[in-house]
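# Breakdown of the fold
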Amino acid sequence: RFGRLATSSSFRTNTWNRIGLGITYTPVRDHKVQGNQLRKGDLINLGNRVLEVVKTGFCKTGARGNAYTQLELRDIETGKKKMERVRTDQNIETYESHAVDATFVSMELTGKFSNGKPEGKVIFELDEALQEDGDDTVEIPAVKLPWPAMYYADDVDDIKLYFYDEDKFRNIKMSDKVTTIVKEVKKMGENAGLVIIENGRKITVPSHVKEGDEIVIKTDDES
């Protein structure tokens, strides 16, 4: 298995490739670590929820009270953040995370939105299947992906999908900038205007931009 790790007291520091799978393993922690060893980016199981450690701190209850690790956590499923604290000597279950090179294939959106994100699915082709004899394509629920960045997934060359516990989706990393061409100017004002770019998106641009111009935009906010 390349999901949860076997119990051990050491901390892995090596990065390696599983032969033939095109999967890059980043440094990971053991199956369980103590609360005072948790670090930003760790994935933990707390209250039967998979949570990403966003920030850690230390606190103590009174001069002779118990010592705690204060945690800011993000729920992998919902994206919601919350604060928790665990004893510094408490054993916490952690998960391994691995990256897979991927290529955007298509997206099938319903036209509906949930919490500002489109509903539907986005399909990627993986360099190699997550599991032996498995499919080399994966469907990710659209609400779990970053928008509007995903509208530009077909325009970037380097996409990495991150998984935990073998094949559970964690997040995606891709270029934060793309180069595109202005296909049509819809409206232009004194300082800014509305244009249509190659992928059909309507975005706001400075007033000096004209049809046929090549522009660079940030995928996270289309600026």
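Note that this is a predicted model, so its numbers are computed, not measured. (Residues numbered from 1 in each chain as written. Predicted model: local features only at pLDDT ≥ 70, side-chain atom pairs only at ≥ 80, totals over all residues. Heavy atoms only, no water.)

### Focus: the environment of H98
The topology assignment puts H98 in strand β9 (residues 97–114). Sequence separation of H98 and E166 is 68 residues, and the distance between their C-alpha atoms is 8.3 Å. (Helix = DSSP H or I, 4+ residues; strand = E, 2+ residues; numbered from the N terminus.)

### Side note on unusual backbone geometry
Cis geometry marks the peptide bond from W147 to P148; its omega dihedral reads 10 degrees. Examined against the element boundaries, P148 turns out to sit in the loop between β11 (137–141) and β12 (159–164). Even without glycine at this site, D165 takes up a positive phi of about 50 degrees. Checked against the element boundaries, D165 lands in the loop between β12 and β13 (168–174).

### A word on the pairing of strand β14 (residues 177–188)
Direction of pairing for β14 relative to strand β17 (residues 214–218): antiparallel, over a ladder of five bridges. Pairing of V178 across the sheet is with I217, part of β17. The sheet contact formed by β14 and strand β15 (residues 192–197) spans five bridges and is antiparallel. Note on β15: the bridge partner recorded for M188 is G193. Following β14, the chain reverses through three residues before pairing antiparallel with β15. (Pairing = 2+ DSSP bridges.)

### Thoughts on the side chain of D213
Along the chain, D213 turns up in the loop between β16 (202–206) and β17. According to the relative accessible area criterion, D213 is buried, its value standing at 19%. From its side chain, D213 meets the backbone nitrogen of K210 in a polar contact 2.9 Å long. Aside from chain neighbours lying at most four places away, what touches D213 is T180, I181, V182 and H208. (Buried < 20%, exposed > 50% of the residue type's maximum accessible area, 1.4 Å probe, protein only. Polar contact = N/O pair within 3.5 Å; in protein donor to acceptor, adjacent residues only side chain to side chain. Contact = heavy atoms within 4.5 Å.)

### Here's the deal with the nonpolar core
Grouped together as the largest cluster of nonpolar side chains are 31 residues, with contacts concentrated most on F124, L145, M150, I159, L161 and I172. The residues touching M150, leaving out its near neighbours within four places in the chain, are M107, V122, F124, L145, I172 and M174. Ranked by size, the runner-up nonpolar core spans ten residues in total, among them L38, L71, L73 and V86. (Core = buried A, V, L, I, M, F, W, Y, C linked by side-chain atoms within 4.5 Å.)

### What about the sheet that holds strand β5 (residues 49–60)?
Within a sheet, adjacent strands bond to each other through the backbone by hydrogen bonds, running parallel or antiparallel. With antiparallel pairing, the six strands of this open sheet are ordered in space as β3-β8-β4-β5-β6-β7. Lying at the two open borders of the sheet, with one neighbouring strand each, are β3 (32–34) and β7 (81–87). Pairwise comparison of adjacent strand axes, ignoring direction, gives a mean angle of 50 degrees for this sheet. One ladder, built from seven bridges, connects strand β6 (residues 67–75) with β7; its direction is antiparallel. When the sheet's bridge partners are listed, R74 is paired in β7 with K81. (Axes fitted to C-alpha atoms, helices over the stretch in contact; angles between N-to-C directions.)

### Thoughts on the sheet that holds β15
Spatial strand order, β16-β15-β14-β17: four strands in an open sheet with antiparallel pairing. Only two strands of the sheet have a single neighbouring strand rather than two, namely β16 and β17. Put simply, the sheet's adjacent strands are angled 60 degrees from each other on average, direction ignored.

### Considerations on a negative patch on the surface
A surface patch of like charges, here negative, comprises E125, D127, E128, D135 and D136. By the secondary structure assignment, D136 is in the loop between β10 (117–126) and β11. Residue D136 is classed as partly exposed on the basis of its relative accessible area, which comes to 34%. (Patch = residues over 30% accessible without salt bridge, like charges linked within 9 Å, V, L, I, M, F, W, Y side chains within 5 Å. Areas by Shrake-Rupley, 256 points an atom, 1.4 Å probe, with all protein chains shown as cover. Salt bridge = Lys/Arg side-chain N within 4 Å of Asp/Glu carboxyl O. Lys, Arg positive; Asp, Glu negative; His and termini not counted. Charge placed at Lys NZ, Arg CZ, Asp CG, Glu CD.)

### Quick word on the pairing of β12
For a regular strand, side chains alternate in direction, first toward one face of the sheet and then toward the other. Among the six residues of β12, five are classified as buried, and the element is accordingly described as predominantly covered. With six bridges joining them, β9 and β12 adopt antiparallel strand pairing. Within β12, the position partnered with H98 by the bridge is F163. Where β12 lies against β13, six bridges are found, and the strand directions are antiparallel. Each residue of the ladder has a partner; that of Y162, found in β13, is N171. Count of turn residues in the β12/β13 antiparallel hairpin: three residues, of which D165 carries a positive phi of about 50 degrees.

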